Amino acid sequence: MQIGIIGLGRMGGNIAVRLSRHGHDVVLFDRDPATVGKVRDRTEGGRGIAADSVADLVGKLTASRKIVWVMLPAGEITEAAVQELAGLLGRDDILIDGGNSYYKDDIRRAAQLAEKGIHYIDVGTSGGVWGLERGYCMMYGGTKDSADHIDPILDALAPGKGDVPPTPDRDKPDLDPRAEKGYLHCGPAGSGHFVKMVHNGIEYGMMQAFAEGFDIMKTKNSPLLPEDQRFDLNMADIAEVWRRGSVVSSWLLDLTAEALAKNASLSEFTGEVADSGEGRWTLEAAIEESVPAPVITASLFTRFRSRTGNNYAEKILSAMRFGFGGHVEKK
């Protein structure tokens with residue numbers, strides 16, 4: 001298939017390259033022409049075509065149903081791109097937002113574009129800088145027709161079944177087999193980003209639990225404790241042993257172990273931990289639904305506090321964020 005990709009940052013560029021590796025043609029645009037050239041050169045089989053504007057990108061799409069994937073920061077930048085594309089795409093064309101937009105914006109955009117016959121799909125995309133090789137876990141919302149049409153693209157981006165053991169009792173007609181490959185049509189427009197939003201809220205809580213636990217262990221040699229109760233524990237070794245058969249083993253723990261093996265003091269991190277919006281939106285949804293979410297709430301507020309003074313726990317958080325998403329602390 002042929003697809004246009006707007007926004008060639010850490011994830012957008014890798015998405016384009018991965019699609020080219022699976023035989024898809026990609027038309028590329030970024031506001032930085034040098035970035036367009038670099039990503040085009042990384043695509044395989046001559047399947048990358050450079051565009052010098054959004055209009056040029058749409059013009060170079062030759063399929064009967066044009067597909068454009070927007071991979072831009074949530075908010076005004078994505079909104080501007082969607083509105084520009086609304087004036088360039090035609091009936092039955094498909095516009096995909098693969099960033100981390102607010103799901104209520106998706107609902108509004110889908111309704112607006114539907115008036116012109118344009119299909120809108122919101123794809124919550126998880127995989128960070130590792131997605132090029134590992135594949136991307138994707139949760140998406142939109143009409144069944146448009147979702148089915150782009151299935152070959154999503155299948156190429158997804159991790160596939162790999163060596164993950166199958167879950168027992170999944171041979172039921174109401175369970176989607178695509179979930180086992182790492183991608184899932186969640187429902188109407190907005191549902192994909194809603195599920196990804198909650199995914200990121202859970203991620204906040206998991207990261208916070210690891211961060212606090214390692215801080216407790218690191219501080220076990222505190223002079224405030226009786227001398228016979230002080231332990232000088234090796235954080236890198238503990239992270240590594242937990243990776244091997246522990247019930248808390250996970251990719252987040254893998255990233256923690258990698259960071260600690262490199263530098264156990266984590267001195268390259270300040271511990272000022274940003275939040276990218278999804279944690280706040282998850283709490284807003286919890287409030288609207290009257291669902292208690294104390295762990296996610298506490299983890300978000302801890303990120304706020306980290307910007308006014310921080311400790312080893314926040315450095316652990318920063319190390320994990322850098323590991324999975326290449327997030328660099330603000331200077």
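Residues numbered from 1 in each chain as written. Predicted model: local features only at pLDDT ≥ 70, side-chain atom pairs only at ≥ 80, totals over all residues. Heavy atoms only, no water.

Once that is clear, we can look at the overall build of the protein chain. What the protein chain contains, in helices and strands, is 14 helices and eight strands. The globule rule puts the C-alpha radius of gyration for 331 residues at 20 Å, and the 22 Å found for the protein chain is close to it. Based on the C-alpha atoms only, the size of the protein chain along its principal axes is roughly 75 × 45 × 40 Å. Counting only residues that meet the buried cut, the protein chain has 48% of its 331 residues in that class. Summarising the internal contacts of the protein chain: among those between residues at least 6 apart in sequence, 69% fall at separations of at least 24. (Helix = DSSP H or I, 4+ residues; strand = E, 2+ residues; numbered from the N terminus. Rg over C-alpha atoms; globule rule 2.2 N^0.38 Å. Buried < 20%, exposed > 50% of the residue type's maximum accessible area, 1.4 Å probe, protein only. Contact = heavy atoms within 4.5 Å.)

Taken domain by domain, the protein chain consists of domain 1 (2-189) and domain 2 (196-314). Each of domain 1 and domain 2 has a C-alpha centre, and these two points are 31 Å apart. Of the residues lining the interface, 13 residues belong to domain 1; the matching set on domain 2 comes to 11 residues. Taking both partners together, domain 1 and domain 2 bury about 980 Å²; carbon and sulfur atoms supply 60% of that area. Applying the counting rule to domain 1 against domain 2 returns one salt bridge. Here Glu288 makes a salt bridge to Lys104, at a shortest N to O gap of 2.7 Å. Inspection of the region where domain 1 meets domain 2 yields four residue pairs in polar contact (both at pLDDT 80 or more). When residues of the side of domain 1 that touches domain 2 are traced back to their parent elements, those giving at least two are α5 (103-114) and β6 (119-126). (Domains from an automatic or database assignment. Buried area = accessible area lost by both parts, 1.4 Å probe. Salt bridge = Lys/Arg side-chain N within 4 Å of Asp/Glu carboxyl O. Polar contact = N/O pair within 3.5 Å; in protein donor to acceptor, adjacent residues only side chain to side chain.)

Read across the open sheet, the eight strands follow the order β3-β2-β1-β4-β5-β6-β7-β8; overall the sheet is mixed. If you trace the sheet from one side to the other, it starts and ends with β3 (48-50) and β8 (183-187), each paired once. Strand-to-strand twist of the sheet, defined as the mean angle between neighbouring strand axes without regard to direction, takes the value 25 degrees. Note: strand β4 (residues 67-70) against strand β5 (residues 94-97), four bridges, orientation parallel. Its bridge partner being in β5, Ile67 is matched across the sheet by Ile94. Lying over the sheet, helix α9 (residues 191-218) contacts β5, β6, β7 (137-141) and β8, oriented at roughly 20 degrees with respect to β6. (Pairing = 2+ DSSP bridges. Axes fitted to C-alpha atoms, helices over the stretch in contact; angles between N-to-C directions.)

Attention shifts here to the pattern of salt bridges. Taken as a whole, this structure holds 20 salt bridges when the rule is applied. The partner of Asp56 in a salt bridge is Lys60, with the nearest N and O atoms 3.2 Å apart. Exposure remark for Asp56: the relative accessible area of 22% places this residue in the partly exposed category. Under the relative-accessibility criterion, Lys60 is labelled partly exposed at 31%. With its nearest N and O atoms 3.6 Å apart, the salt bridge here joins Arg178 to Asp151.

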